[in-house]
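Here is how the chains run, residue by residue.
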Amino acid sequence: MKSILLVFSLLINFKLTASSKKTYSANIIRIYVGEGTSPVCRAAWIKRVKSYLILNGEPQSPALGFSNFSELIGTIKKIPKGFLLIPGGKALGIGIEFQKALKQNGITQEDFNHLFHKQEWSYLGSCAGAYFAAKSASARLYHTDEDTEINFDSKNHPNYSSLSFIKGNLHSHSTYQTGSKSLNHSWSGGRAFYVDDYKTYSMWIGGPELNSLKGKILLQGNEQTLAINIAKEGSPPLILMTVHP
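Residues numbered from 1 in each chain as written. Predicted model: local features only at pLDDT ≥ 70, side-chain atom pairs only at ≥ 80, totals over all residues. Heavy atoms only, no water.

Draft legend 1. Looking closely at the overall build of the protein. When you go through the protein residue by residue, the secondary structure sums to six helices and 15 strands. Across the 245 residues that make up the protein, the buried fraction comes to 50%. Expressed as a percentage of contacts within the protein between residues at least 6 apart in sequence, the contacts between residues at least 24 apart total 70%. When the accessible surface of the protein is totalled, it reaches about 11,900 Å², and 50% of it is carbon and sulfur. (Helix = DSSP H or I, 4+ residues; strand = E, 2+ residues; numbered from the N terminus. Buried < 20%, exposed > 50% of the residue type's maximum accessible area, 1.4 Å probe, protein only. Contact = heavy atoms within 4.5 Å. Areas by Shrake-Rupley, 256 points an atom, 1.4 Å probe, with all protein chains shown as cover.)

Draft legend 2. Up close: the nonpolar core. Counting 41 residues, the largest nonpolar core has Phe69, Phe112, Phe116, Tyr123, Phe132 and Leu240 as the members making the most contacts within it. A total of five residues in this core trace back to one element, the largest contributor, which is helix H4 (residues 91-105). When sequence neighbours within four positions are dropped, the list of residues in contact with Phe132 reads Phe69, Ile86, Ile94, Gly95, Phe98, Tyr123, Tyr160, Ser161, Ser162, Leu163 and Ser164. The next biggest cluster of nonpolar side chains, apart from the first, holds 19 residues, and it includes Trp45, Leu53, Phe83 and Val243. (Core = buried A, V, L, I, M, F, W, Y, C linked by side-chain atoms within 4.5 Å.)

Draft legend 3. The arrangement of the packing of aromatic side chains in detail. Counted under the stated rule, the structure contains twelve aromatic pairs. Aromatic side chains Phe98 and Phe132 sit 5.4 Å apart centroid to centroid with 85 degrees between the ring planes, which places their arrangement in the edge-to-face category. Of the two residues, Phe98 sits in helix H4 while Phe132 sits in helix H6 (residues 128-132), which places them 34 residues apart along the sequence. An identical accessibility class is assigned to Phe98 and Phe132; each is buried. Ring centres of Phe112 and Phe116 lie 5.9 Å apart, and the angle between their planes is 35 degrees; on these two criteria the pair is classed as tilted. Within this pair, Phe112 and its partner Phe116 are both found in helix H5 (residues 109-118), separated by four residues, close to a single helical turn. Accessibility classification places Phe112 together with Phe116 in one group, the buried group. (Phe/Tyr/Trp six-rings, centres within 6.5 Å; stacked < 30°, edge-to-face > 60°.)

Draft legend 4. How the structure looks around the pattern of salt bridges. Across all of its chains, the model carries one salt bridge by this definition. The partner of Glu97 in a salt bridge is Lys100, and the shortest N-O contact between them spans 3.2 Å. Here Glu97 pairs with Lys100, and both are found in helix H4, just three residues apart, close to one helical turn. (Salt bridge = Lys/Arg side-chain N within 4 Å of Asp/Glu carboxyl O.)

What follows is the structure, given as structure tokens:
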């Protein structure tokens, strides 16, 4: 939990420039809880965000879930400096719902991207949410204990749309098993490993590879980069994570 709260803290109190004392502060927090997201992951994120706000003396901050991207688009138009969080799940399912909202509002991905940055919103994508930030995504996941393989490539799905914050492709080629002997605890379809920098365990389920991306590393594990800020200096943070809370 410490590692998750640390990244969230970095997001909320992000320095806009190296020389400036100004920090980014979200006026409103919106967490996507609709189609494509994992019920377990979205519930965990809502719990973590509310815990963070209470610990920092802001229990009344508007941290609300939404299930329709049309609602989000309307919110972004009205309220500047918001914070969008997309939890783990299935990037394809999330993307299809996003495309429906774009069509309903008569806008393109580029229009949404322009609006998002113009209104100075920030972003935190976890696992599938990180894939969703890329223009395209692909994954090849192999379950060793179930002997099953899952392949996904967004380019093969014409009904997929993403935020396109990253212009390229996020890819993951992972072999993993359910459960973790280290923690004496079992998760379905995931594993946990130790994060040396923060002396804690983090759960990871088929998240994208972030090592090749340019940006400030916020969280580093003993196997790969776990969280990275890809925003340009002077802009609100855009954080991608492979970990689940």
